[in-house]
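# Remarks on the overall topology
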Amino acid sequence: MNVWLIAAMSADGKIAQAEGQSSLDWTSKEDTRFFIDKTKEAGVVIMGRKTFDTIGKPLKGRRIVVVTRASVPRQPPLAPPWEGGGSDGTIEYSNLPPRELLSHLASQGVTTVAIAGGSSIYSQFLCEGLVTDLYLTIEPHLFGSGVPLASGFDRLDLHLQEVRQLNAQAVLLHYKT
């Protein structure tokens, strides 16, 4: 399965200046456009509850799987779609570990997912060695402190695939693992 980690970062590697901050507060409209296009291409977007809370709604044309520690029914592994989903997008909840979640999605014919944060979710998928591609937008900010992209995993050597300038200030890096 293709597992795309998609993140916007400050030049000092932070995905937020503080927990709960929306990336829309500091990222470019070009990064937002990239995120929309790439997640629609994937079709399925996995994110943590805190990240979902900063969005707070379905994303049009995408199936959102919110990973939570809260108890959700094990049968089926994903809780039913959020009632407001429909053709505008669906929201499901799962407490399955990353590998089991991907296996379940693969059994439904899913071939690509986008991991959309936050740091804990990025860390879990990187620790398990499940990420195939990283799409990192570097925005022209230095936060000095804040939320790191990920932590707790062993060294991972990446292979640069593409460097794309999104605008006069922001750069998109695409790596394969």
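Residues numbered from 1 in each chain as written. Predicted model: local features only at pLDDT ≥ 70, side-chain atom pairs only at ≥ 80, totals over all residues. Heavy atoms only, no water.

Counting its secondary structure elements, the protein contains 4 helices and 10 strands. The N-to-C order of helical and strand elements in the protein reads β-β-α-β-α-β-β-α-β-α-β-β-β-β. Taken over 177 residues, the protein has a buried fraction of 47%. A separation threshold of at least 6 residues defines the contact pool for the protein, and within that pool the share at least 24 residues apart is 71%. For the protein, the accessible area works out to roughly 9000 Å², and carbon and sulfur atoms hold 50% of it. (Helix = DSSP H or I, 4+ residues; strand = E, 2+ residues; numbered from the N terminus. Buried < 20%, exposed > 50% of the residue type's maximum accessible area, 1.4 Å probe, protein only. Contact = heavy atoms within 4.5 Å. Areas by Shrake-Rupley, 256 points an atom, 1.4 Å probe, with all protein chains shown as cover.)

With that out of the way, let us pick up the packing of aromatic side chains. In the structure shown here, the tally under the stated rule is 3 aromatic pairs. With centroids separated by 5.1 Å and ring planes inclined at 85 degrees, the aromatic side chains of Trp-26 and Phe-143 adopt a geometry described as edge-to-face. In this pair, Trp-26 is assigned in the loop between β2 (14-16) and α1 (29-42) and Phe-143 in the loop between β7 (133-139) and β8 (147-148), connecting sequence segments 117 residues apart. On the numbers, 5.7 Å between centres and 45 degrees between planes, the contact of Phe-34 with Tyr-135 is tilted. In this pair, Phe-34 is assigned in helix α1 and Tyr-135 in strand β7, connecting sequence segments 101 residues apart. Like Tyr-135, Phe-34 is buried. Put simply, the rings of Trp-4, Phe-34 and Tyr-135 pair up and form one aromatic cluster. Positioned above the aromatic ring of Trp-4, the side-chain terminus of Lys-38 is 4.3 Å from the ring centre. (Phe/Tyr/Trp six-rings, centres within 6.5 Å; stacked < 30°, edge-to-face > 60°. Lys NZ or Arg CZ within 6 Å of the ring centre and 35° of its normal.)

In any sheet, the strands associate via hydrogen bonds between backbone groups, in a parallel or an antiparallel arrangement. The strand order β5-β4-β3-β6-β1-β7-β10-β9 describes an open sheet built from 8 strands, whose pairing is mixed. The open sheet has two edge strands, β5 (90-94) and β9 (159-165), and neither has a second partner. Sheet twist, expressed as the average angle between the axes of neighbouring strands with direction ignored, equals 20 degrees. Pairing of strand β3 (residues 44-48) with strand β6 (residues 112-115) involves 3 bridges; the strand directions are parallel. Bridge pairing in β6 links Ile-46 to Ile-115. Lying on the sheet, α1 is in contact with β1 (2-10), β3, β6, β7, β9 and β10 (171-176); it crosses β1 at an angle near 170 degrees. Across the sheet, helix α3 (residues 98-107) touches β1, β3, β4 (63-67), β5 and β6, and the angle it forms with β3 is around 160 degrees. (Pairing = 2+ DSSP bridges. Axes fitted to C-alpha atoms, helices over the stretch in contact; angles between N-to-C directions.)

Per-residue confidence for the protein gives a mean pLDDT of 91; residues scoring 70 or more make up 90%. Predicted confidence is poor over residues 80-87, with pLDDT under 50, and the contacts of this stretch with residues over four places away or in other chains come to 11 contacts. (pLDDT = per-residue confidence, 0-100.)

What follows concerns the pairing of β9. Pairing analysis gives 6 bridges linking β9 to β10, with the strands arranged antiparallel. In the strand pairing of β10, Arg-164 is matched with Leu-172. Remark: 5 residues form the turn of the hairpin made by β9 and β10, two consecutive strands paired antiparallel.

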